[in-house]
Amino acid sequence: MIYKKFKEIDEMYYEKTLKSGLRVILIPRSSYNKKYAVLSVNVGSVDLKLKDNSNIIYGFPPGTAHFMEHILFENREGSIIDAFSQLGSSVNAYTSFNNTNYYFNAADNFYKSLNCLLSFVLKPHFDQNKIEHEKSVIKQEIKMYEDSPSWQSFHQLLQGLYYKYPIKYNIAGTSQSVDKINREILEGFFNKYYNLDNMNLIVIGDINHEKLFDWLTDKFSNFGAEHVDFKKIYPEEPSGIRIKKNEIAMSISRPIITLGFKENRCFNDQRKIVRHEMLSNMVLEMIFGKSNDNYHSLYDKNLIDENFTFNFLQEKNTGFAKIYGETSHINQSINSIVDIINNWHRKINKDDFEIVKHKYIGRYFRSLNSLEALSSQVIKYLNLGQNYFDLINIIESISLKDIIDQYNKLLLDQEQVQIIIRKISK
Amino acid sequence: MLKTSKFYQYKTDNEIDLYINYNSKFKTNYIHLDIIRPLSDEAAVSKNALIPYILYRGSKKYPTNQAISRRLDRLYGADLNVSVARRGENQILRFSIDIINDRYHYGPEDLKIAAVDFLYELIFNPLIVEEEFKKAHINKGQAFLKEKILAMKNNKNNYVMERCYQEMCRGERFSLYPLGTIRGLRKANCDNLYNYYQQVLAKSPIEIFAVGDIKQKKDFFQYINKKFVYKRNKLLPLNNTVIKTGGFQFKEKEEEDRINQTKLSAGIRIPVTRSHPLYFALIVYNGILGGFSHSKLFTEVREEKGLAYYINTRLESTKGLILINAGIDMLDYQIVKNIITKKLKEMSRGQFDDDSIRWTKKKLINRYKNLSDNNHSIVDAFLLGLINGKQDSLNYVINSIAEVKKDEIIEVAKKAKLTTYFLLKPGSVQHDL
């Protein structure tokens, strides 16, 4: 068992890998009523291909991971939802690019709820009728997202950034790809990915670590060490962007512009990814944060509004910066943003850097308040071989030189994807 | 055991209410100030909504939005929120700051005091030029508010809910969008806006909430008491809501838009609010009908028939309204309507089993217990109690929910009247704001 105390942030961390291969993390929160547990499977929307130990390659239609998330709620013994309702706890799940997460929150009946969670995720029942039923629900979910302008801008951006990397596919897939999914595909997917040594269980709340680990050891006493050998395969992604400019039209109040910059480097050392993502976000904050002139010069010229946002996402194999704004002056806005980026190195200011650091430290502390938000960060960092509670040290270790280096590589004079969502006129 | 902390109540010499919820569970301290106005008419609502967005452009001490942002970032990226909300027929101008707990920084400043000072500067010490807000800030505020009103249609789900409220409450003040309207903004007399704002500050109930590591409660209160000194008149009431109990006419409205999915809202009247003896039965009723994933609507529409990804209910307990919301295929509209009608009937005939009551109660109790783990929710829930003149402790709420009887739920169900359907369906763009 690993135990760590993070004194500066008042946090504790327990970690233990059980014989069955399941890794368990406990973050005690004695002052909270809520107890939160998430079983996180290391498979997400980008995992569409794998090679097993006999070198056989398996492929899955886009949306399979998300379909699995839906179908596991259909159980032989009865409704999963009802089982949790009976306990008063709330259960749900979500699929991201890299993970499928099944979670519940409970003020009472924690262990009974945990038992339910583990049972339904680990004991699937793939009934063809239920599969067909779920297809119609998922198609409605896809339609719901398609009507969201911010979702569309993100989706279009990924289409522009990537040639092959499956991050470009909608997490839920398309109506067509969902139609291809059947019992055989789901069984194959489950057998490969849903093994205990490919999962993490994260528990946050007023829970005693000894009791939790004993309970889980007991629960899995009949499970042997589960290990399925496979290698996830991703297509080779060419460097550079796929589409420079794309326009669509939606029924919205004002046009939306989205710019994307692709990080072409791969990081073999996973520990560097976290730091890289943080400092890339700080670069964007230094250029476009509300504290400095650029944001206000754009705002005062009506080239952006309060909905202006930016962020940088780093994955194992790729990364990208996204800049989002709403404006009636589309071209002027895009040109000004690009200009600001390409001229920023002339006005770098040490004082701005200190302010940005302050801001990120505060933002980090705030992220620890919500158990849901905390758990998703813990999962993300865990997958990268990092502890989210170390992030404060990473932020503090970042220097202005790091920021400028990253600016030179990611942004200065780089090509960018431009997505424009025009307004449908009557 | 329930872990919760209570609110300590204070009143400043000029009748500003302060509620301190002392606990050390959060990494931040949350300071929140509400100015409460009656939702009165289109012009006044638009004019009120304008004020926070003018103030946000700059104050005397922080004369530009950039100066405001710079100060906040220096305060470890303190999270400032400026917004306008509607609770019942009240319009609430809200300002809040979430700032890191003083345990986590080494600087000399007391950050919760810095947050109070900052809110004071923003709200009570605006940038005034010749007895008026700075002209450029008024213009920016107006442009911003206008865009925000128009942006209502970008989120189709919210648009449909708001339109349903408008149709069902036509002629009542609740139908006013809390941010106002473009027409209202045009109609509003924006001369002497600062003078108007001074009246607002003089006459409106002002509620301050502080949630977090505030051990020296009395000192904190005294600090606010000494700082927030200005001339106050007789205050307007805290709640201005009128509950309509009859004379409803069934209405069905639809609009078209360039969308993929049909979105519907069904509006239900239930004249039961917080001080009503059936209030807790109403909470359970809403839960059984559509509050959860084991609820009647979700079970049939999604789990049995696969007609929707989402179908849920939203309770407005100050005005006594429930909205049923769903995203469906236009072809299934009649089927979904029939299911809604059937479920409402089943509720009033008592056709729901003991399990659904028991599970709903447990889920509600879980939700109430979890509420005290979120500093924003703590304030939101407490404010609703204040407005409705009934501040129940969490323990009391939980016990009251546990005691709700089936008969009482049926009694609530019999009071429920489905009065309105609003539908946004795929087609050409029709609506105009």
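Predicted model only: the values in this text are computed from it and were never measured. (Residues numbered from 1 in each chain as written. Chains lettered and ligands numbered in written order. Predicted model: local features only at pLDDT ≥ 70, side-chain atom pairs only at ≥ 80, totals over all residues. Heavy atoms only, no water.)

J.: What exactly am I supposed to notice about the packing of aromatic side chains here?
T.: How two aromatic rings sit relative to each other is set out by the distance from centre to centre and by the angle between their planes. Residues and elements named next belong to chain A. For the structure on display, the rule yields 53 aromatic pairs over all chains. With a centroid separation of 6.1 Å and 40° between ring planes, the pair formed by F84 and F104 is classed as tilted. Of this pair, F84 sits in helix α2 (residues 80-87) while F104 sits in strand β8 (residues 100-106), and the two are 20 residues apart along the sequence. The pair F84 / F104 is uniform in exposure class, with both members buried. Among the aromatic residues, ring-to-ring pairing joins F73, F84, Y102, F104, F110, Y111, F120, F126, F190, Y194 and W215 into one connected group. Sitting over the face of the ring of Y58, K192 holds its NZ or CZ atom 4.6 Å from the ring centroid. (Phe/Tyr/Trp six-rings, centres within 6.5 Å; stacked < 30°, edge-to-face > 60°. Helix = DSSP H or I, 4+ residues; strand = E, 2+ residues; numbered from the N terminus. Buried < 20%, exposed > 50% of the residue type's maximum accessible area, 1.4 Å probe, protein only. Lys NZ or Arg CZ within 6 Å of the ring centre and 35° of its normal.)

J.: Explanation requested: the nonpolar core in the structure shown.
T.: One recurring pattern in soluble globular proteins: nonpolar side chains tend to sit buried together. Core analysis: the largest hydrophobic core is formed by 165 residues, its most contacted members being A:F288, A:I323, B:L80, B:F95, B:I123 and B:F220. The biggest single contributor to this core is helix α3 (residues 111-124) of chain B, with 11 residues. Residues in contact with B:F95, not counting those within four places in the same chain, are B:I31, B:H32, B:L33, B:I35, B:P52, B:L55, B:N81, B:V82, B:L119, B:L122 and B:I123. With 104 residues, the next largest nonpolar core counts A:F84, A:F213, B:L344 and B:V404 among its residues. (Core = buried A, V, L, I, M, F, W, Y, C linked by side-chain atoms within 4.5 Å. Contact = heavy atoms within 4.5 Å.)

J.: Could you clarify how one ought to interpret the packing of helix α10 (residues 293-300) of chain A against helix α2 (residues 65-74) of chain B in this entry?
T.: Two quantities define a packed helix pair, namely the angle between the axes and the distance from one axis to the other. Two elements in contact, α10(A) and α2(B), have axes separated by 10 Å at closest approach and are oriented at 150°. Once α10(A) is placed against α2(B), the crossing between them reads as right-handed. Facing A:D293, A:Y295 and A:H296 of α10(A), the residues of α2(B) in contact are B:N65, B:Q66 and B:S69. Of the residues belonging to the contact of α10(A) with α2(B), the class tally is 1 nonpolar, 4 polar and 1 charged. (Axes fitted to C-alpha atoms, helices over the stretch in contact; angles between N-to-C directions. Left-handed = near helix turned anticlockwise from the far one by under 90°. Nonpolar A, V, L, I, M, F, W, Y, C, P; charged D, E, K, R; others polar.)

J.: Teacher, can you tell me more about the environment of B:E303 here?
T.: Topologically, B:E303 is positioned in helix α10 (residues 296-304). Overall, the relative accessible area of 25% leaves B:E303 in the partly exposed class. With sequence-adjacent residues up to four places away left out, B:E303 is seen in contact with A:E74, A:I81, A:H133 and B:F298.

J.: Help me understand the interface of chain A and chain B in this model?
T.: Interface size is commonly expressed as the accessible area that is lost once the parts come together. Each partner contributes residues to the interface: chain A has 65 residues there, and chain B has 65 residues. Roughly 5,900 Å² of surface becomes buried between chain A and chain B when both sides are summed, with 46% attributable to carbon and sulfur atoms. Considering only the surface of chain A that becomes buried against chain B, A:N33, A:D147 and A:R366 emerge as the three largest contributors, covering 11% of it. Across the contact surface, chain A and chain B share 13 salt bridges. (Buried area = accessible area lost by both parts, 1.4 Å probe. Salt bridge = Lys/Arg side-chain N within 4 Å of Asp/Glu carboxyl O.)

J.: What exactly am I supposed to notice about the side chain of A:S177 here?
T.: All names here are of chain A. Among the secondary structure elements, S177 is positioned in helix α6 (residues 175-180). Residue class for S177 comes out buried when judged on its relative accessible area of 5%. Polar contacts involving the side chain of S177 include one to the main-chain amide nitrogen of T174, which spans 2.9 Å. Those residues in contact with S177 that sit more than four places away from it in its chain are P61 and P62. (Polar contact = N/O pair within 3.5 Å; in protein donor to acceptor, adjacent residues only side chain to side chain.)

J.: For this particular structure, what's the right way to read empty space enclosed by the protein?
T.: Where empty space is left becomes clear once a probe the size of a water molecule has been rolled over the atoms. The tally for this structure, following the rule as stated, stands at 2 cavities of 30 Å³ or more. Taken as a whole, the largest cavity spans an internal volume of roughly 50 Å³. If you trace the largest cavity, you find it lined by A:E285, A:G289, A:S291, A:N292, A:D352, A:I355, A:V356, B:R70 and B:D73. Of all the secondary structure elements, the ones that give two or more residues to the lining of the largest cavity are α12 (350-367) of chain A together with α2 of chain B. (1 Å grid on protein atoms, 1.4 Å probe; cavity = no way out; pocket = protein on both sides within 12 Å on 5 of 7 lines; lining within 4 Å. Points joined across faces, edges and corners; volume = space filled by probe spheres on them.)

J.: Would you explain the sheet that holds strand β13 (residues 417-426) of chain B in this entry?
T.: Hydrogen bonds between backbone groups are what pair the strands of a sheet, and the pairing can be parallel or antiparallel. All names here are of chain B. Reading across from one edge, β9-β13-β10-β12-β11 is the order of the 5 strands in this open sheet, with mixed pairing throughout. The open sheet has two edge strands, β9 (251-257) and β11 (311-316), and neither has a second partner. With direction set aside, neighbouring strand axes in the sheet form an average angle of 15°. Pairing geometry for β11 and strand β12 (residues 321-328), over 6 bridges, is antiparallel. Opposite T313, over in β12, you have I324 as the bridge partner. Along the sheet, helix α9 (residues 279-291) contacts β10 (262-269), β11 and β12; its crossing angle with β11, the most-contacted strand, is approximately 160°. (Pairing = 2+ DSSP bridges.)

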